[in-house]
Amino acid sequence: MLSHTEQLVLKHLSQFVSEHKKAGVERVLSKRTKYITIILEDIFQSQNASAVIRTCECMGLQEVHIVENLTKYNINRRVLKGADRWMNLKRHNSRRGNNTESCIKALKSEGYQILVADPDQDAISIFDVDIQHAPIALLFGNELRGVSKEALAHCDQKVTIPMSGFTESLNISVSVAICLSTLVSWLNNSEIQFGLPSAEKEAIRLDWYRKIVRRSALIEREFVRTIE
């Protein structure tokens, strides 16, 4: 929840945002969700991680979790197209313990069901996932090694994308796009209240206005001085 000062700052900055941009902010905010989130585990190619984040932003996800056990997260600006500016990227990169386990544990404590993308025969089709059961955190593993043993040990279910060709796997960004297109479409057509709470929307609105308004830091600083 915003403090009283932050609420005043939000109102002040809104004067510098055009009605067209305000409408765009409200349109995007109305579809933003944390009911579905993506976990990226040790993705080493920057273009892959950046393409996934860009896809997530386009599909309305507000949050992505980045697990760094063996590989540090790097971005590709040309691929990302600034998508990360409008999202919450939560990086799990502690030097103590296993970051996959801690990430999954934290999300389970928030009520998420943990799905791991894996081509094993006992995995269910992404088209058979029950979105009504609980919010979904879908984990994708390393481009070469796949998901870790820790992810498999702590997940609730393995999921796969049915394929009919000789090739056994898709590029990770394509896989994420297919999965999200399926899940988000179902979510939009369900009766699930998947939107963000009003207080969280207000906090995000302030964050976005700060990024939209030129020299917003200076404008905010000067305004706060007048109300102190």
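Residues numbered from 1 in each chain as written. Predicted model: local features only at pLDDT ≥ 70, side-chain atom pairs only at ≥ 80, totals over all residues. Heavy atoms only, no water.

(A) Representation of the overall build of the protein chain. Along the backbone of the protein chain there are 9 helices and 7 strands. For 228 residues, the compact-globule estimate of 2.2 N^0.38 gives 17 Å, and the C-alpha radius of gyration of the protein chain, at 19 Å, lies within 12% of that figure. Counting only C-alpha atoms and orienting by the principal axes, one finds that the protein chain spans roughly 65 × 40 × 35 Å. Per-residue burial over the protein chain gives 46% buried out of 228 residues. Summing over all exposed atoms, the protein chain offers an accessible surface of approximately 12,800 Å²; the carbon and sulfur share of this is 49%. For the protein chain, the distance from the average site of its 30 positive side-chain charges to the average site of its 27 negative ones is 10 Å. (Helix = DSSP H or I, 4+ residues; strand = E, 2+ residues; numbered from the N terminus. Rg over C-alpha atoms; globule rule 2.2 N^0.38 Å. Buried < 20%, exposed > 50% of the residue type's maximum accessible area, 1.4 Å probe, protein only. Areas by Shrake-Rupley, 256 points an atom, 1.4 Å probe, with all protein chains shown as cover. Lys, Arg positive; Asp, Glu negative; His and termini not counted. Charge placed at Lys NZ, Arg CZ, Asp CG, Glu CD.)

(B) Broad picture of a nonpolar patch on the surface. A surface patch of nonpolar side chains, about 220 Å² in accessible area, is lined by Met163, Leu170 and Val174. You can see Leu170 is positioned in the loop between β7 (157–160) and α7 (172–188). (Patch = residues over 30% accessible without salt bridge, like charges linked within 9 Å, V, L, I, M, F, W, Y side chains within 5 Å. Salt bridge = Lys/Arg side-chain N within 4 Å of Asp/Glu carboxyl O.)

(C) Main features of helix α5 (residues 99–109). Buried residues of α5: Asn99, Thr100, Cys103, Ile104 and Leu107, and no others. All buried residues of α5 fall inside an arc of 130 degrees around its axis, so they share one side. Opposite its buried face, α5 presents the exposed residues Lys105 and Ser109, each directed more than 90 degrees away. Where α5 is buried, its residues contact β1 (36–41), β2 (63–67), β3 (88–92), β4 (113–117), β6 (136–140) and α6 (149–154). Measuring from the backbone nitrogen of Thr100 back to the side-chain oxygen at the start of α5 gives 2.9 Å, which picks out Asn98 as the cap. (Arc of directions from axis to C-beta. Contact = heavy atoms within 4.5 Å. Polar contact = N/O pair within 3.5 Å; in protein donor to acceptor, adjacent residues only side chain to side chain.)

(D) Highlighting unusual backbone geometry. Positioned with a positive phi, Lys81 is a non-glycine residue whose angle comes to about 60 degrees. With respect to the element layout, Lys81 can be found in the loop between α4 (77–80) and β3. If you check the backbone angles, Arg215 has positive phi at about 55 degrees while not being a glycine. Following the sequence through the fold, Arg215 ends up in the loop between α8 (198–212) and α9 (216–227). The exposure class of Arg215 is exposed, given its relative accessible area of 61%.

(E) Structural view of the side chain of Asn99. Following the sequence through the fold, Asn99 ends up in helix α5. Those residues in contact with Asn99 that lie beyond four places of it in its chain are Val67, Glu68, Asn69, His92, Asn93 and Ser94.

(F) Layout of the pattern of salt bridges. All chains considered together, the criterion is met by 14 salt bridges. In this structure, Glu26 and Arg205 form a salt bridge, with 2.8 Å as the shortest nitrogen-oxygen distance. Separated by 179 residues along the polypeptide, Glu26 in helix α2 (residues 19–31) and Arg205 in helix α8 bring together distant segments of the chain. For Glu26, a relative accessible area of 32% gives the class partly exposed. Among the residues examined, Arg205 registers a relative accessible area of 18% and is labelled buried. Asp122 is the partner of Lys158 in a salt bridge, and the nearest nitrogen-oxygen pair spans 3.0 Å. On the criterion of sequence distance, the pair formed by Lys158 in strand β7 and Asp122 in the loop between β4 and β5 (124–125) is long-range, its members being 36 residues apart. Residues participating in the shared-partner salt-bridge network are Lys34, Glu63, Lys90 and Glu200.

(G) Expanded view of the pairing of β7. Two strands pair when backbone bridges link them, and β4 and β7 are joined in this way by 3 bridges, in the parallel orientation. Opposite Leu115, over in β7, you have Gln157 as the bridge partner. In terms of strand pairing, β5 meets β7 through 2 bridges, oriented parallel. Bridge pairing in β7 links Ile124 to Val159. (Pairing = 2+ DSSP bridges.)

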